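# Structural description and commentary
The residues making up each chain are set out below.
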Amino acid sequence: RLCLGLINMLAGWSLFVLFVAVAWGNMVDPEGKVVERPSDLDPHLNFQVVFTVKLLKGREIKITVQTYPEWAPIACRRFRELVDAEFFNGQRFFRVVENSLAQFGINGKPSVQAEWNNKTLPAEPSAHFNNRGTLSFTQSVGGQSRSTQMFINLKDNPNLDEFGYVPFARVLLGMDGLEPPLTSEAFDPGLYAGYGDMKPWGDGPDQLRILKEGNRYLKREFSKLSYISGVKLLTGSDMIDLKKMKAAKKLKSVEEYTGETGLTKEELDMHAMYAEADGSDMPAPDDGWESDAEL
């Protein structure tokens, strides 16, 4: 009886420790260890990434991604680790499903990818919806398999909220140039979606073969896939400020405009082209975003 009482006491204490850890914002990793939840006030987790993406016919677009550590600080920290490690260079958008999502996050070198496969993240609660333009890591049921693969929501995907996918960032600029064309190819924009969903749901790439063979497999059998050709990290005062961009509409010269926004003339022309396609004269956040998600 004494042993049984001791066991029950220890079990109760373990549950209490777990409760306290969760109450104070810590997480439990896949092995059951309590890990510290990073502060969403950490300036290291608030940053932007400009991806240069190669499309067909020599075209390229730039998309600017903004992190939101108040949504998911653990995911933001991993994203920063991947950017600092130059992990995304040369990566293919290997799963692009029209009007749904665009998935990437497998390094083109299997040896590099292997170093990250077991570095999974603990689950964390979702504080935002999988709306159009948001980024979430892929995961299995329970949310403790997040590692390097992620996707961009090409539309509002409330069904992914129900499965617990946790947004941590959103596309700040370039979303319209990112989406595959649904009815017109007038601007020849968008990630290549001609292969459909990945196997076994479609005729696209086999995820296991990507992990095993990397970009050699994708270049040989899926050569039209769009890919990341450049990655630029923006922090602090270098980050793009949409409020300044909106105010810059009142400036008359291109030189003043580019100086105020921090964009090159080529970047400005690119953003202006897609803004014009939307019927607006300036790139701006998508309608419907909550006010606390605005810069």
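The next thing to look at is the overall build of the protein. For the protein, the count of helices and strands is ten helices and ten strands. In the protein, buried positions account for 47% of the 295 residues. If you take every contact in the protein between residues at least 6 apart in sequence, the share linking residues at least 24 apart comes to 67%. For the protein, the exposed surface amounts to about 15600 Å²; the carbon and sulfur share of it is 53%.

Right, let's talk about helix α2 (residues 73-84) for a bit. In this model, α2 (twelve residues) spans 16 Å end to end at C-alpha, consistent with the 16 Å of a helix rising 1.5 Å per residue. Taking burial as the measure, the twelve residues of α2 include nine buried ones, the bulk of the element. Along α2, the residues that are buried comprise Pro73, Ile74, Ala75, Cys76, Arg78, Phe79, Arg80, Leu82 and Val83. Among the residues trailing α2, Glu86 stands out with phi positive, at a value near 55°.

On to the layout of surface pockets. For the largest pocket, the calculated volume is near 510 Å³. Lining the largest pocket are 21 residues, and of these Arg95, Thr138, Gln139, Ser140 and Tyr165 sit closest to its centre. Those elements that provide at least two residues to the lining of the largest pocket are β6 (101-104), α3 (110-117) and α4 (158-162).

Inspection of the entire model under this criterion finds 16 aromatic pairs. An angle of 25° between the planes, with centres 4.9 Å apart, marks the rings of Phe137 and Phe168 as stacked. Highlighted residues: Phe137 in strand β7 (residues 134-137) and Phe168 in strand β9 (residues 167-173), separated in sequence by 31 residues. When its relative accessible area of 0% is taken as the criterion, Phe168 is described as buried. Pairwise contacts between aromatic rings join Phe47, Phe51, Phe79, Phe87, Phe88, Phe93, Phe104, Trp116, Phe137 and Phe168 into one cluster. Sitting over the face of the ring of Phe47, Arg80 holds its NZ or CZ atom 5.2 Å from the ring centroid. In this structure, Lys119 is placed above the aromatic ring of Trp116, and the distance from its NZ or CZ to the ring centre is 4.7 Å.

Residue placement: Asn117 occurs in helix α3. A sequence separation of 31 residues divides Asn117 from Thr148, and the C-alpha atoms of the two residues are 7.6 Å apart. Look past the residues within four positions of Asn117 in its chain and what remains in contact with it is Ser147 and Leu211. Side chain to side chain, Asn117 and Gln113 meet in a polar contact 2.8 Å long.

Let us look at the sheet that holds strand β8 (residues 150-153). The pairing of strands in a sheet comes from backbone hydrogen bonds and takes either a parallel or an antiparallel form. Pairing is antiparallel across the open sheet formed by eight strands, whose spatial order is β5-β6-β8-β7-β9-β4-β3-β10. Only two strands of the sheet have a single partner each, and these edge strands are β5 (95-97) and β10 (227-234). Strand after strand, the sheet turns through a mean of 25° between neighbouring axes, direction not considered. Pairing geometry for β5 and β6, over three bridges, is antiparallel. The partner of Arg95 across the bridge, within β6, is Gln103.

About the criteria used
- Residues numbered from 1 in each chain as written.
- Predicted model: local features only at pLDDT ≥ 70, side-chain atom pairs only at ≥ 80, totals over all residues.
- Heavy atoms only, no water.
- Helix = DSSP H or I, 4+ residues; strand = E, 2+ residues; numbered from the N terminus.
- Buried < 20%, exposed > 50% of the residue type's maximum accessible area, 1.4 Å probe, protein only.
- Contact = heavy atoms within 4.5 Å.
- Areas by Shrake-Rupley, 256 points an atom, 1.4 Å probe, with all protein chains shown as cover.
- Expected span 1.5 Å × (residues − 1).
- 1 Å grid on protein atoms, 1.4 Å probe; cavity = no way out; pocket = protein on both sides within 12 Å on 5 of 7 lines; lining within 4 Å.
- Points joined across faces, edges and corners; volume = space filled by probe spheres on them.
- Phe/Tyr/Trp six-rings, centres within 6.5 Å; stacked < 30°, edge-to-face > 60°.
- Lys NZ or Arg CZ within 6 Å of the ring centre and 35° of its normal.
- Polar contact = N/O pair within 3.5 Å; in protein donor to acceptor, adjacent residues only side chain to side chain.
- Pairing = 2+ DSSP bridges.
- Axes fitted to C-alpha atoms, helices over the stretch in contact; angles between N-to-C directions.

Structural measurements only, silent on function.
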